[in-house]
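Observations on chain architecture
Each chain, letter by letter, is given below.
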Amino acid sequence: MSFKTFKLISALVFLTFKRGVATEDSSGTVPSFSSIAEALGYDCIVHTITTKDGYILTLFNIPGNKTRPIFFMHGFGDSSRTFIVRGNTSMLVSVAKAGYDVWAGNMRGNEYSRDHVTLNADIDVAAYWNFSYHEVGVYDLPAQIDYILNKTQQNRLSVISHSQGSAVFFVLLSTYPEYNEKIRPLITLGPLSYAQNIRPPVRLLILIAPVLEVIFKALNQYELFDRTTRLIVELLCSLRPFGGELCEAILLSTAGQSDDTFKGGFIRTVINYYPVSTSVKNSLHVAQNSNSRRFAQYDYGPAANIARYGNALPPAYDLSKVNCSVAILMAKNDKLSPIEDNVMLNNSLPNVVVYEFVERSPMNHYDFVWGEDMYLILHPFILKLLERYQ
């Protein structure tokens, strides 16, 4: 069934759907993931796990049917909160209402996964922040998936990933193909992989990434979107009368225009939690892939590559090994995951079961998780897709 049909049906089904947004609390900040979940009437269990290389990650679980576990993974500079911050109309809530056992994961370095067995993110900066999305794929994901499957006593789980949250799964499944048997299906929303056709203004930053790398190293800056940056963002975006409008315009210029993303003053909610910390190396890895036109491991330079990989070029991820069922959902106005990159991705994967645009125009990269009317348009389609694999 197409998105157009779902749009007509779901408009009737969801007309009386209770809506809400995780707005600021009295302190002016957006509540935590667990606070939002509990305010919406859900139990939320907080789990911590440790990866093989010592990073301590937080997993949130909204209990449901243990035979139907589903794992959410956020994108670049984001956290699990992105899937619930729209309150009752959030994607995660739609899935929880359908009875799934919901697990929301976090990448190392973000607001919920900043700890380490031996390193301090604020002191041991060069060592702690020495990771890109490669390490998330080969360390963070296996640790979280195995933990969920152990807790639920299931052999496989479903996955919903957004943006770079999809790229890390492609890393995992091409590096450790045995994990294909543990995932059914992998639903990717605006997936970021090849990154060759990202539009300006982000494209301009990608082009000057080698220069930015030198500057960051000179400043001993290994964390991206640190607390100082967050304070500056919140200050600028809070300036009256046009601070919010300015920040909204900046975000839309990077992700693509849409009249749905920040409806109802939602920009105030977003700027009080987004973006969250990641590593400079993570952003440089994206830029390398874009500039080299390859979806490959991190490029340390010819000499270091030979020592590490046995070749002057870093090895490309072999996407032919990603043989689990993959759904690729796209937005027509997505500047960060444009159609050209998704055509390459679709041609590289052997088992794409859905390859479609969401029937909304205009729609941008953020709308998958923040769009106000996604509960009418996107969520019913995803739930129907999930049912095919239960």
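Residues numbered from 1 in each chain as written. Predicted model: local features only at pLDDT ≥ 70, side-chain atom pairs only at ≥ 80, totals over all residues. Heavy atoms only, no water.

Points about the overall build of the protein
Applicable threshold: Counting from the N terminus, the helices are DSSP H or I runs at least four residues long and the strands are E runs at least two residues long. Only C-alpha atoms enter the radius of gyration, while the globule expectation follows 2.2 Å times N to the 0.38, with N the number of residues. A simple rule labels every residue: compare its accessible area, found with a 1.4 Å probe on the protein chains alone, to the largest value its type can have, and call it buried under 20%, exposed over 50%, or partly exposed in between. Residues are treated as being in contact if the distance between any of their heavy atoms lies within 4.5 Å. We get accessible surface area from the Shrake-Rupley algorithm with a probe of 1.4 Å; when it comes to residues, only the shown protein chains can shield them. His is not counted, nor are the chain ends, whereas Lys and Arg count as positive and Asp and Glu as negative. By convention, the charge on Lys lies at NZ, on Arg at CZ, on Asp at CG and on Glu at CD.
When its secondary structure is counted, the protein shows 17 helices and 11 strands. Rg of the C-alpha trace for the protein: 20 Å, near the compact-globule value of 21 Å for 390 residues, within the 12% margin. Looking at the protein as a whole, 56% of its 390 residues are labelled buried. Residue pairs in contact within the protein that sit at least 24 positions apart in sequence constitute 77% of those at least 6 positions apart. Accessible surface, the protein as shown: approximately 15900 Å² in total, 56% of it carbon and sulfur. Charge centroids of the protein, computed over 34 positive and 35 negative side chains, lie 4 Å from each other.

A closer look at the UniProt feature "active site" (unreviewed entry) in the protein
Where we set the bar: UniProt positions are given in the numbering used here, feature names are shortened, and annotations may be inferred rather than shown by experiment. Think of a 1 Å grid over the protein atoms and nothing else: a 1.4 Å probe that fits but is trapped marks a cavity, an open set flanked by protein within 12 Å on at least five of seven lines marks a pocket, and residues with an atom within 4 Å of a point count as lining.
Residues given the UniProt feature "active site" (unreviewed entry) here are Ser163, Asp334 and His365. With the annotated positions falling across 203 residues, the maximum pairwise C-alpha distance of 10.6 Å places them together in a single cluster. Lining the largest pocket, from the residues named above, are Ser163 and His365. When you line up the elements, serine 163 lands in the loop between strand 6 (157-162) and helix 6 (164-175). Contact partners of serine 163, with chain neighbours within four places excluded, come to Gly75, Phe76, Leu189, Gly190, Pro191, Leu192 and His365. Relative to the helices and strands, aspartate 334 is located in the loop between strand 10 (326-330) and helix 14 (339-348). Sequence-distant contacts of aspartate 334, that is, excluding residues within four places in its chain, are made with Gly190, Ala255, Met363, Asn364, His365 and Phe368.

Looking at the UniProt feature "domain: AB hydrolase-1" (unreviewed entry) in the protein
Here the UniProt-annotated "domain: AB hydrolase-1" (unreviewed entry) positions come out as residues 69-195. The annotated region residues 69-195 carries 34% helix and 20% strand content, and the separation between its end C-alpha atoms amounts to 30 Å.

Some details on the packing of helix 5 (residues 133-152) against helix 6
In plain terms, the rule: Axes here mean lines fitted to C-alpha atoms, for a helix over just the part in contact, with angles spanning 0 to 180 degrees between N-to-C directions. Oblique is the label for every angle not falling under 35 degrees (roughly parallel), over 145 degrees (roughly antiparallel), or within 65 to 115 degrees (roughly perpendicular). Classification used: nonpolar for Ala, Val, Leu, Ile, Met, Phe, Trp, Tyr, Cys and Pro, charged for Asp, Glu, Lys and Arg, polar for all others including Gly.
In the contact formed by helix 5 and helix 6, the axes pass within 8 Å of each other and the chain directions differ by 80 degrees. In terms of axis orientation, helix 5 runs roughly perpendicular to helix 6. Packed against helix 5, whose contacting residues are Tyr133, His134, Val136, Gly137, Val138, Leu141, Pro142 and Ile145, the element helix 6 presents Gln164, Val168, Phe169, Val171, Leu172 and Thr175 at the interface. Partitioning the contact of helix 5 with helix 6 into residue classes produces 10 nonpolar, four polar and no charged.

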